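Here are the chains, one letter per residue:
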Amino acid sequence: MNGYLRDFEKHNLQILDVTNGNRTVVKEFPYRIEAPNWTPDGQWLLYNSEGKLYRLSPTSSAEPELINTGFAQNCNNDHVLSADGQQIAISHGTKEDYKSRIYTLPITGGTPRLITPMAPSYLHGWSPDGKELAYCAERNGNYDIYTIPVEGGEETRLTTAEGLDLSLIHISEPTRPY
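Model, not experiment: these values are computed from the prediction.

## Focus on the environment of Glu63
Inference 1: By the secondary structure assignment, Glu63 is in the loop between strand S5 (52–56) and strand S6 (65–66).
Inference 2: In this structure, the C-alpha to C-alpha distance between Glu63 and Lys27, residues 36 residues apart in sequence, is 9.1 Å.
Inference 3: A distance of 3.2 Å separates the side chain of Glu63 from the side chain of Lys27, its partner in a polar contact.

Shown next as C-alpha cells:
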C-alpha cells in the first residue's frame, strides 16, 4: 500500500465512448494514477503515478511500460504531448529545491531538457503549432500565466491580475489557442 490509498481502494483507467456512454475498463490499479493522455495516433495512453510516467496500450493486457525520464523522477500530473506525438513536456520537482520546472524529452524517453529555469512553473499546454508551452508560474509572490518557446528562452507573461490565475489557462484567444 502506498501513502495515497487504503488497501481496499482501487483506481480504474477507463475509456468512455461519448457516442453511447459505454465505459470500458482498460486496467485496474491498486495505486493512484493521474492525468491519462492519448498519444495522437491513439495507440497509447500515457499517465503518471508516484512521480513517474508510464504508457499503456488500451487494447493489450500487457503491463504498463515505464517511460525513461532520466533524473526527472518527481513528475507531477502536468504533462502534455506535442501535436506530432514526438515529444512530451513534463513538470518535475527538482531534488535541489523541490520546486517544479518544465522539461521536454522524446516520447520514447531520454534525458529531459530544461525549459523553465525559474521556479515554480506548472505546465498546462502545448500550442497547436508546436512552438510554445503555456504554464502557470509564481514570480515575485504572484501566480500568472506564461508562455515560453518550446526550445526555452525568454518567458512571456500573459496575465497580470493579483492572485492565482491558473483557471485562465483554459481560455483561448484566436492568436493563442491553448
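And the narrative resumes.
## A closer look at the nonpolar core
Inference 1: Counting residues in each nonpolar core, the largest one holds 12 residues, listed as Val80, Ala89, Ile102, Ile115, Leu123, Trp126, Leu133, Tyr135, Ala137, Tyr146, Ile148 and Val150.
Inference 2: Among the secondary structure elements, those contributing two or more residues to this core are strand S11 (121–126), strand S12 (132–139) and strand S13 (142–149).
Inference 3: In terms of residues, this core owes the most to one element, S12, which gives 3 residues.
Inference 4: Setting aside its immediate chain neighbours within four residues, Leu123 contacts Asp78, His79, Val80, Ala89, Ile90, Ser91, Ile102, Leu133, Ala134 and Tyr135.
Inference 5: Core analysis: the second largest hydrophobic core is formed by 11 residues, Leu53, Leu81, Ile90 and Leu105 among them.

## Re the pattern of salt bridges
Inference 1: Tallied over the entire structure, the rule returns 6 salt bridges.
Inference 2: A salt bridge links Arg157 to Asp144, with the nearest nitrogen and oxygen atoms 2.8 Å apart. In this pair, Arg157 is assigned in strand S14 (residues 156–157) and Asp144 in strand S13, connecting sequence segments 13 residues apart.

## Observations concerning the side chain of Asp78
Inference 1: Tracing the sequence through the fold places Asp78 in strand S7 (residues 75–81).
Inference 2: Here Asp78 sits buried without a salt bridge, and the closest side chain of opposite charge, Arg139, lies 12 Å off (N-O distance).
Inference 3: Discounting chain neighbours no more than four positions away, the residues touching Asp78 are Ala89, Ile90, Ser91, Tyr122, Leu123 and His124.

## Structural notes on the pairing of S5
Regular strands show a simple pattern: their side chains alternate between the two faces of the sheet.
Inference 1: As paired strands, strand S4 (residues 45–49) and S5 are joined by 5 bridges and run antiparallel to one another. Bridging across to S5, Tyr47 finds its partner in Tyr54.
Inference 2: Hairpin geometry of S4 and S5 is characterised by an intervening segment of 2 residues between the two adjacent antiparallel strands and by a positive phi of about 50 degrees at Glu50.
Inference 3: Pairing between S5 and S6: 2 bridges, direction antiparallel. Bridge pairing links Arg55 to Glu65 in S6.

## Structural notes on the sheet that holds strand S3 (residues 34–38)
Inference 1: The antiparallel open sheet is built from 4 strands, whose spatial order is S3-S4-S5-S6. The sheet is open, and its two borders are formed by S3 and S6, each paired with just one other strand.

## Structural notes on the confidence of the model for the chain
Inference 1: Summing up the model confidence of the chain, the mean pLDDT is 88 and the portion of residues at 70 or higher is 87%.
Inference 2: Every residue in residues 167–178 is under pLDDT 50, and counting partners more than four places away or in other chains gives 19 contacts.

The rules behind each value
- Residues numbered from 1 in each chain as written.
- Predicted model: local features only at pLDDT ≥ 70, side-chain atom pairs only at ≥ 80, totals over all residues.
- Heavy atoms only, no water.
- Helix = DSSP H or I, 4+ residues; strand = E, 2+ residues; numbered from the N terminus.
- Polar contact = N/O pair within 3.5 Å; in protein donor to acceptor, adjacent residues only side chain to side chain.
- Core = buried A, V, L, I, M, F, W, Y, C linked by side-chain atoms within 4.5 Å.
- Buried < 20%, exposed > 50% of the residue type's maximum accessible area, 1.4 Å probe, protein only.
- Contact = heavy atoms within 4.5 Å.
- Salt bridge = Lys/Arg side-chain N within 4 Å of Asp/Glu carboxyl O.
- Lys, Arg positive; Asp, Glu negative; His and termini not counted.
- Pairing = 2+ DSSP bridges.
- pLDDT = per-residue confidence, 0-100.

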